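Here are the chains, one letter per residue:
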Amino acid sequence: MKDKELTDNKGHPVVNDQASITTGEGSSYTMLQDVHLIEKLAHFDRERIPERVVHAKGAGAYGYFEVTHDLSQYTRAKFLEEVGKKTEVFVRFSTVGGERGSADAARDPRGFAVKFYTEEGNYDLVGNNTPIFFIRDAIKFPDFIHTQKRHPKTNLPDADMFWDFLSLTPESVHQVTILFSDRGTPYSFRHMDGFSSHTFMWYNEKNEYVWVKVHFKSVLGNKTFTNDEAVKMAGENPNHATEDLYEAIEAGNYPEWKVYVQIMTPDEAKEYKFDPFDITKVWYHGDYPLIPLGRMILDRAPKNFFAEVEQAAFAPSNFVPGIGPSPDRLLQGRLFSYEDTQRHRLGANFHQIPVNQPKNTKIDNYQRDGPMTVNDNGGSGPNYYPNSMNGPEPDITFSPPTIEVQAIIDRHTRPTEDVDFVQSGELYRRVMDDQAKNNLVSNIAGHLINAKENIRYRQAALFYKCDADYGTRVAEAVGLDVVMVKKLAEMSQEKRVQATLS
């Protein structure tokens, strides 16, 4: 006797799963009355859900976050209220630009998304493995992502559109410098750091607030591939990082990250040398050192990839009391877009999927119905507010602090400023050693050389504005006149664009 009986999706026993009901033993007509066949084919036809537009390829794991240092003076978030407190987490790592079948070793930023299952609801910290990003306004995001994917005519990656957009978006040069360094090809998910990238608000019981950035530092160290190593790995095992994470956890080698924050007061934010809410910039550690907060350990692999990783839904708008958004323009757009993409991929009730459900608090509101409602749908309770039927009431004690804003409503465009080139120049001069510089220039040249000459000139001029040696070496590596690159670098962005249109 077998322990398990095969059934269809309604629980009926299946008599035969190897032959359809037909009119004869040989070639014959199949009967529509074979409801098991019809169900099996119909379900197969609907197995795929929409792929994530970005972060399509990824892996995930469960674990916990533990507070190791008391920072409760800055935030009322209960999961951070005392040393030793542990909160269950689910983490998803991913590449950004590639499709679901793309290689884990691709040169690309990596997503680093953490879902904290707190007693005040789920808190999502949806970051990357870099502390900055290419753009600072959400309106540019669809265009940027289009250039990182496939050309609409050839359906191939295209160096012209890739570098055309970047060279016309000078704020991107800091992230481009990181992307084309060896940090653009992490050794594995376990060997990379994570960052909130955005600035967020923390506020305490007195509604006093500060601005924070969050850092996850891998205990194993931040290890990377060279370009040649990454290309080799992509060919030999395109799933190497996914495999590495799963096998390490199954073997009991649980990856760990130390968690830190940088903290800036509102008065300091008004006077800082860079816009503290500009995601293309970092806060210098010399100005705002890392403050220990906790540690994160991943110790449990998902039992079913589709149910728990592919259906996992993260959104930067998922805050708990004590944590809130900042006036970061890119973040403001993401507060809408991430929730919206989950509704598109998974349906309006995606929060009812187990991996997305809050584990330590109860959902109680007036939202009802919709596709795939699989809970009790509010039972017999009222579906409107206000009511006198003992329905749930808002709690004003959770109100975040008021923020004074002086506004002029307009489409405020920011001209390219020299400040956009400062940090990438310092990264090149002060952080990178000679080998790192050599790899950076080689990696850029290997990609940029495939773009049209006018685009190469425009991009090389941006590198020159960051650092003369940086721009000179890239220019020489892609066959450009260094004198002309220098002249372009001395122009305003508007004149530089005009001079390189063809």
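Predicted, not measured: the structure shown is a model, and the values here were computed from it.

Time to look at the pairing of strand β6 (residues 200-203). Going residue by residue along β6, you find F200 and W202 tucked away on one face and M201 and Y203 tucked away on the opposite face as well. Judged from the 4 bridges that link them, β6 and strand β7 (residues 209-218) form a sheet pairing that is antiparallel. Pairing of W202 across the sheet is with V210, part of β7. Pairing between β6 and strand β10 (residues 323-324): 2 bridges, direction antiparallel.

Enumeration over the complete set of coordinates arrives at 31 aromatic pairs. For the pair F90 and F314, a centre-to-centre distance of 6.3 Å together with 20° between the ring planes defines the contact as stacked. Residue F90 is found in strand β2 (residues 86-95), and its partner F314 is found in the loop between α8 (305-310) and β10; the two are separated by 224 residues along the sequence. On the basis of relative accessible area, F90 is assigned to the buried category, the value being 0%. Taken together, the ring pairs in this structure connect F93, F112, F189, F216 and W257 into an aromatic cluster. Across from the ring centre of F314, 4.9 Å away, lies the NZ or CZ of K115, which sits over that ring. Over the ring of Y117 we find K359; its NZ or CZ atom is 4.8 Å from the centre of that ring.

This part covers the packing of helix α12 (residues 453-466) against helix α14 (residues 482-490). The contact between α12 and α14 brings their axes to 8 Å, and the two run at 70°. Classified by the angle their axes make, α12 and α14 are roughly perpendicular. On α14, the residues that touch Y457, A460, A461, Y464 and K465 of α12 are M484, V485, K486, L488 and A489. Within the contact of α12 with α14, the residues separate by chemical class into 8 nonpolar, no polar and 2 charged.

Here we come to the packing of helix α10 (residues 419-431) against α12. Relative orientation of the contacting elements α10 and α12 amounts to 75°, with a least axis distance of 7 Å. Our classification of the angle between α10 and α12 gives roughly perpendicular. For the pair formed by α10 and α12, the contact residues are F421, S424, G425 and R429 on the first element and L462, K465 and C466 on the second. Residue composition of the contact of α10 with α12, by class: 3 nonpolar, 2 polar and 2 charged.

About the cut-offs
- Residues numbered from 1 in each chain as written.
- Predicted model: local features only at pLDDT ≥ 70, side-chain atom pairs only at ≥ 80, totals over all residues.
- Heavy atoms only, no water.
- Buried < 20%, exposed > 50% of the residue type's maximum accessible area, 1.4 Å probe, protein only.
- Helix = DSSP H or I, 4+ residues; strand = E, 2+ residues; numbered from the N terminus.
- Pairing = 2+ DSSP bridges.
- Phe/Tyr/Trp six-rings, centres within 6.5 Å; stacked < 30°, edge-to-face > 60°.
- Lys NZ or Arg CZ within 6 Å of the ring centre and 35° of its normal.
- Axes fitted to C-alpha atoms, helices over the stretch in contact; angles between N-to-C directions.
- Parallel < 35°, antiparallel > 145°, perpendicular 65-115°, else oblique.
- Contact = heavy atoms within 4.5 Å.
- Nonpolar A, V, L, I, M, F, W, Y, C, P; charged D, E, K, R; others polar.

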